[in-house]
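Topology and contacts: notes
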Amino acid sequence: MAATGNAEETQLQEMEEEAGMEREMDSDEEEGMGIENSDDEEDDSSEDDKENEAEIQRLEEQLSINAFDYNCHVDLIKLLRQEGELPPLRKARQKMSELFPLTEEIWLDWLKDEIRLTEEEQNREKVYELFEIAVKDYICPEIWLEYAQYSIGGMGLPGGMEKVRSIFERALTAVGLHMTKGATLWEAYREFENVILATVQPPPGSVPTCEQQELLNAQLERIHTLFCRQLAIPLMDMEGTYAEYEEWSDQGVSDTVSQKYKRALQQMEKSKLYEETLMAAEPPKLAEYQTYIDYEQKEGDPARIQIIFERALAENCLVPDMWAKYTKYLDRQLKIRDLVLSSHDRAVRNCPWTMGLWKNYLLALERHGADHHTISDVFEKALNAGFIQATDYVNIWEAYLDYLRRRVDFSKGESTLTLESSRELEELRAAFTRSLDYMKQDVEERFSESGDPSCTIMQVWAKIEALHCKNIQKARELWDSIMTKGNAKFANMWLEYYNLERSYGDALHCRKALHRAVQCTSDYPEHVCEVLLTFERVEGSLEDWDAAVQKTETRLNRVNEQRAKVAEKEAHLVRQEEEKTEQRRRAKADKKNQKKGQKGSRPGEKRKAEDEDNENEWGEESEQPPKRHRGEGNQGSFRGGGAEEFMETESGLFGRRAPPCRRQEPPGAKRGQQMAPATVRKTQEDNPEQRKDDCSVFISNLAFSMEDPEKRLKELFEPCGPVQSVRPVYAAKGFRGYCYVQFEGKTSVPEALKMDRREVDGRPMFVSPCVDKNKNPDFKVFKYNTNLEKHKIFISGLPFSCTKEQLEELCKDQGTIKDIRLVTNRSGKPKGLAYVEFEDEAQASQAVLKLDGTVLQEHTLSVAISNPPRRNAANKPDFSRPMGAMMPQAMVYGSRGKGRTQLSLIPRSLHRQTGSESKAENGTAPKPTGGASGDAGFEAQAKPMSNSDFAKMLLRK
């Protein structure tokens, strides 16, 4: 057997030598053949090398300018890896790793390169250190698996076995709960232990010693424990693991293991839907991950919540909101120091431009007792992170100054501070000074603004000096500096200063501050004057009172004069704009009349010109009634014509009477027979004598798609009182969105008006009194005040999702709230505006000062005293004028525009009537007198003419 083995080895060596000679010959031939093309290839490669070197140099220069350019780092690493320059490549990777967490692909490439270079045992520790950095960036199963497999290579070293098991255990803790990839690590761990089991088993046929049997039993117990631990965790395809355990175990599966497996299987089935949704979704999968996170948070398992957060962040590492949610959960729920601080560090390394993450990091460091040097280093890194807004620098400085203030022990006063506390106080003051210099120099130079127009940092410093250090003189100096930075015109700034003097100063300086406020304030001078008078009423003498009254009266008179000049100037500009608009309208009308004159002078255009003149005379184009099909009868004809037009006229929606409905039927007996049923129906349904405006309300802004509006509105308004009738207004296409509700008594109307703007089918329902505007042209439906309302504030910039409850919660601390109104459009969608009514003017003024500039749901609110713009009466139609005169010539056509097919079949003689005559169907109605014009017009419209009357009218023409 030995001879045979030696012969085989000799034969293998000869075959290897022959193969080696063949390879050498092939290489020589290839070299000989490649001599011709070597020059061209060298030229191309040299050009590519030069381009790559130039690009590498450009990227390095760009990174020297902005070290936080993530894409530049990635591109540089790719180019260096192509070039094969390992020292520069390693240096570039290290620089990027110091600033950003690296992705899974970058880490795996780096680790594989380092593993190839460091095959010697003495260099394994460097690779271990690199793996330790890699596993901290993201929770990545592939990196942990690579780490464990690499550690197996050092199993033969002293302590190698324990090191491998330690790494596997850490990997299971980190990613063992990963539902889709965690099973890979469990299987690798069990495979490793199975290999160890094969080494400790005695040879077949031999009797193991006691020591060997103990080792064998211990190894079997390890594998059994791994199976039990894995089966208790919900993982994908865990049924196969259970079957493998049944086959491996000689004693079968115990009841305990089986019960844990069933519970895990049930939990896996619940989570399977979310996993399948993730696999089917396209990146970045934020919505799917958020849904999964919400589900796990309801389940309440911290380990599973953590792993799903980590999975989401591995795929969305540049999403600041996801990091903020994760760190917030760790701060409030887990509170594990190492986990919390490492997560905050990863968050700011991934999204260094997000100020909120840095601010939360500083708070977490202070909360977990980090040393002062560490917190200061993190703050310095935050200043160099490159925020995108000037206000971000203000906020990060405020967070750091708050931390420094909490370090100082003010409990014994500044005079009795210990040496350490005194040193901390000086550091706080130095930080305040540095922050002001930083905002003035660095921030203003970069953003062209300080980011702190209200000088909040200086205000806090002044309060600390006055409250804790009892140094009111320093506080006054700071406030003088604040006022010189353009804040002297704002009432809220003076009142803050006054409150500071009121709390920590004296009456003399309070009086000085208020007198200066009265002189300088330009936004709310009335409020400042009121505060001064109130102060003198409580603190001052008669001379002080007289001086305050004189000063406030002088100031307010000057303010009123300035406001009057501004109002006069604005009114002048409005008049100029109106004159320009009127001139354009007249020019357009003259041009149109000129065109009509040219058209009328052409042969064959007489009828067309007369028809257009008739249109302008009525103010709208006559439309043919809808075509009637056989069997519909006259009832449908009435609905398509007169009834609809009468309904629109009564509504008062346009404040005028529409022209009488024009009939197309020629005079004769047939026409009279057709009109008879329509007249009967109008008498039954639309008799104006049965209608009482004082017992009715007008409903508008209803949805056109409302089904059975008569029944629906009757049910809706029955709680207000007995409903006599509901009259919806219909058009050819269906319900018009408005109607009339008539009650049996007048007492029901006020109750019905209280239902104004109640939401119906997702839209605000408008309820207004039923008033004939022909009789009451000055009646206004708009029920809200258009004058200055000092007890009410106007808020703009609200998020569209804001509710009355949220707004009440925001404003309740400022005083007693009487009413809140969110402004919506006609479809019920919010406009981001609101009115809040307080009990008195003082509360409203206080609310303006405190709430203006407040941030609600990432929206900055603007708050002011309610002063709605006056409704422009000049743009409203004159209800006393005829309809044709009310509307511009370009707007008097029908709802379909001016179509050439809309022919009028009325005799031309009727079109020649003058505009002053009242017109009726098929003839002229008697001229109305006084307020009965509307009724006379209706009677003329309702009363048909006989054939003889019609003939007499034509003869008169």
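Cut-off values and rules
Residues numbered from 1 in each chain as written. Predicted model: local features only at pLDDT ≥ 70, side-chain atom pairs only at ≥ 80, totals over all residues. Heavy atoms only, no water. Helix = DSSP H or I, 4+ residues; strand = E, 2+ residues; numbered from the N terminus. Buried < 20%, exposed > 50% of the residue type's maximum accessible area, 1.4 Å probe, protein only. Contact = heavy atoms within 4.5 Å. Areas by Shrake-Rupley, 256 points an atom, 1.4 Å probe, with all protein chains shown as cover. Pairing = 2+ DSSP bridges. Axes fitted to C-alpha atoms, helices over the stretch in contact; angles between N-to-C directions. pLDDT = per-residue confidence, 0-100. Core = buried A, V, L, I, M, F, W, Y, C linked by side-chain atoms within 4.5 Å. Polar contact = N/O pair within 3.5 Å; in protein donor to acceptor, adjacent residues only side chain to side chain. Expected span 1.5 Å × (residues − 1). Patch = residues over 30% accessible without salt bridge, like charges linked within 9 Å, V, L, I, M, F, W, Y side chains within 5 Å. Salt bridge = Lys/Arg side-chain N within 4 Å of Asp/Glu carboxyl O. Lys, Arg positive; Asp, Glu negative; His and termini not counted. Charge placed at Lys NZ, Arg CZ, Asp CG, Glu CD.

Another aspect to go through is the overall build of the protein chain. Of the regular secondary structure elements, the protein chain holds 38 helices and 13 strands. Taking all 957 residues of the protein chain together, the buried fraction comes to 39%. In the protein chain, of all internal contacts separated by at least 6 residues, the share reaching a separation of at least 24 is 63%. Of the roughly 55500 Å² of accessible surface on the protein chain, a fraction of 50% belongs to carbon and sulfur atoms.

A separate point is the sheet that holds strand β1 (residues 696–700). Taking strand neighbours across the sheet as the criterion, the 5 strands line up as β2-β3-β1-β5-β4 in an open arrangement whose pairing is antiparallel. Of all the strands in the sheet, just β2 (723–731) and β4 (758–760) have a single pairing partner and so form its edges. Each adjacent strand pair in this sheet contributes to an overall mean axis angle of 30°, direction not counted. Where β2 meets strand β3 (residues 734–743), 7 bridges bridge the pair, whose relative direction is antiparallel. Bridge pairing links Pro728 to Cys739 in β3. Here helix α31 (residues 709–717) sits on the sheet and contacts β1, β2, β3, β4 and β5 (763–769); the angle it forms with β2, its principal contact strand, is near 140°.

Of the residues in the protein chain, 74% have a pLDDT of 70 or more, and the chain-wide mean is 79. Segment residues 1–16: pLDDT under 50, and 0 contacts once partners within four positions in sequence are set aside and those in other chains are kept. In the model, residues 29–36 has pLDDT below 50 throughout and makes 0 contacts with residues more than four positions away in sequence or in other chains.

By size, the foremost hydrophobic cluster in this structure holds 106 residues, and its most contacted members are Trp323, Trp358, Phe387, Ile396, Trp397, Leu428 and Trp479. In terms of residues, this core owes the most to one element, helix α19 (residues 390–407), which gives 10 residues. Among residues more than four places away in sequence, those in contact with Trp323 are Tyr138, Leu313, Cys317, Ser343, Arg346, Ala347, Asn350, Cys351 and Leu357. One finds Ile115, Phe131, Ala171 and Ile196 within the second-largest nonpolar core, a separate group that totals 50 residues.

Right, let's get into the pairing of strand β6 (residues 789–796). Taken together, the 5 bridges between β6 and strand β11 (residues 862–866) define a ladder with antiparallel strand orientation. Bridging from a neighbouring strand, Glu789 pairs with Ser866 of β11. Bridge count between β6 and strand β8 (residues 830–838): 5 bridges; the pairing is antiparallel. The residue bridging Phe794 from the neighbouring strand is Tyr835, located in β8.

This part takes up the side chain of Arg429. Structurally, Arg429 can be placed in helix α20 (residues 419–447). Its relative accessible area of 16% is what places Arg429 among the buried residues. Looking at Arg429, its side chain comes within polar contact range of the side chain of Glu465, at 2.9 Å.

Under the 1.5 Å per step criterion, the end-to-end length of helix α7 (residues 141–152) is 17 Å for 12 residues, consistent within 8% with the ideal 16 Å. Within the span of α7, buried status applies to Pro141, Ile143, Trp144, Leu145, Tyr147, Ala148, Tyr150 and Ser151. Contact partners of the buried residues in α7: α5 (104–117), α6 (124–137), α8 (160–175) and α9 (182–200).

Together, Glu47, Asp48, Asp49, Glu51, Glu53 and Glu85 line one region of the surface with negative charge. Here Glu47 shows up in helix α2 (residues 35–65).

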